[in-house]
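# Analysis of the macromolecular model
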Amino acid sequence: MAPAGIEFNFGSGMPDPGTFPSEALAGAAQRVIVREGASLVRYPDARGYLPLREIAAQRFRRNHSVDVPASHVTLTTGSMQAIILATQAFVRAGDTVVVEEFCYSGTLGVLRQFGAQIAGVPLDDQGLRPEALEGTLDRLAREGRRVAFVYTIATHQNPSGTILPLERRKALLDICKGRGVLVVEDDCYADVVFEGVMPPAIYTLGEPGDVLYIGSFSKILGPGARLGYCIAPEGLAERLLAFKRDGGTSALSSMIVAEYLKDHLWSHVGEVCAAVKAKRDSLFAALERELGGLVDWTHPRGGLFSWVKLPQGIDTQALARLAKERGLQYGSGRSFDAADRDVPYLRLAFGFIDESLIPEGVARLGACIEGAAPGARR
Ligand SMILES: Cc1ncc(COP(=O)(O)O)c(C=O)c1O
């Protein structure tokens, strides 16, 4: 069969297109450009457009109940740039970066590109296991390998959707602090919460300089804005800024987004979460109906992904081929595996896909899995 186009996009971690505030952003652009547009003849401030940094600080305060000054916020071109800058600043040749054993593919790609060794720490249904982290760091020390930092997505981990409990956050920090290892905390799903109260960021539990915090506007607005940031005290931030040679994060994009979010941040976050939660619920219902007894999946309380454990022995190449033929896109397990193994998992992203397509998409996925793992239904 000829490959169809992508009809069912469970592949990318993008937000709901229906909640993109086009009209309001157009109005914000008109206002702010008339008012401040002439400042665009200059290069942006090295740390980025101040009103957006203030919004990032406000957002942090509301989510984590701790004040951070806007002077500790540095805007970046998406949070991806903060990950790249941290890698450039802290990884020396031969260094290892410790990550959750299943980890955001973008980060793995950056670490590999810059020549970092990667060590994965096993996860359970509550995220990274502190004793496994300790074991990994001890082993690396015995092998004489320097650890540049521990990178963690503690809240709505990508891809597994786990939320690291407070006690584990404290343990993780103690373990790293005791060994003088920096923690890089990627919290780009902080606001995409469907139920429950999230534990505070690891950043709030440490002393200045223990943790580099990374945030993003991509998951509540859209990655097309290319706006992310890091929060770090002086000294740490300067080490990243030394590698930021792009002339600054777009002041035009920042001013439009800040003008909109200054009055709409929390109402917008509420709309985004309601829309994405409805899709998650449809996905759960469809998985139950179509894939029950065939695969297991995680039940995230926020974020954009469910991590699906496939039947042992499944032919993942055949699955990829069948899925492509049927117009399905998903994240392959391998792309999230720190050790680049062909693991029997896949990631379903539920933020972007039209809700009405979810039942049919999951039914097709079920047929593809049965085709790639005959006789696997329990
Ligand atoms: C955990 C994590 N970090 C960072 C990013 C990069 O996002 P952006 O550069 O758009 O802020 C993503 C995108 O999917 C992500 O899932």
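See the structure above.
Residues numbered from 1 in each chain as written. Predicted model: local features only at pLDDT ≥ 70, side-chain atom pairs only at ≥ 80, totals over all residues. Heavy atoms only, no water.

### Details of the sheet that holds strand β7 (residues 147–152)
What the 7 strands build is an open sheet, ordered β2-β10-β9-β8-β7-β3-β4; its pairing is mixed. Of all strands in the sheet, those with a lone pairing partner are β2 (73–77) and β4 (117–121), marking the two edges. Direction aside, the axes of adjacent strands within the sheet are offset by 25 degrees on average. Judged from the 4 bridges that link them, β7 and strand β8 (residues 182–186) form a sheet pairing that is parallel. Counted as the bridge partner of V150 is V183 from β8. Contacts between helix α3 (residues 78–90) and the sheet are confined to β2, β7, β8, β9 (211–216) and β10 (227–231), with β2 contributing the most and set at about 105 degrees to the helix. (Pairing = 2+ DSSP bridges. Helix = DSSP H or I, 4+ residues; strand = E, 2+ residues; numbered from the N terminus. Axes fitted to C-alpha atoms, helices over the stretch in contact; angles between N-to-C directions. Contact = heavy atoms within 4.5 Å.)

### Regarding the pairing of strand β12 (residues 305–309)
Most of β12 sits inside the fold, with 4 of its 5 residues counted as buried. In this sheet, β12 lies alongside strand β11 (residues 296–297) in antiparallel orientation, the contact comprising 2 bridges. Paired with W297 across the two strands is V308, which belongs to β12. (Buried < 20%, exposed > 50% of the residue type's maximum accessible area, 1.4 Å probe, protein only.)

### Here's the deal with the packing of aromatic side chains
Applying the stated rule across the entire model yields 11 aromatic pairs. When the ring of F60 is compared with that of Y203, the centres are 5.7 Å apart and the planes differ by 85 degrees; the resulting orientation is edge-to-face. Within this pair, whereas F60 is found in helix α2 (residues 50–64), its partner Y203 is found in the loop between β8 and β9, the two being separated by 143 residues in sequence. Here the aromatic rings of Y203 and Y213 are separated by 6.1 Å at their centres, their planes lie at 65 degrees, and the arrangement is edge-to-face. One end of the pair, Y203, is in the loop between β8 and β9; the other, Y213, is in strand β9, and 10 residues separate them in sequence. Take Y203 and Y213: they sit in the same class, and that class is buried. An aromatic cluster is built from F102, W307, F336 and Y345, whose rings are joined through pairwise contacts. Lying across the ring of W266, R62 places its NZ or CZ 4.2 Å from the centre. (Phe/Tyr/Trp six-rings, centres within 6.5 Å; stacked < 30°, edge-to-face > 60°. Lys NZ or Arg CZ within 6 Å of the ring centre and 35° of its normal.)

Just geometry here; none of it tells us what the structure is for.
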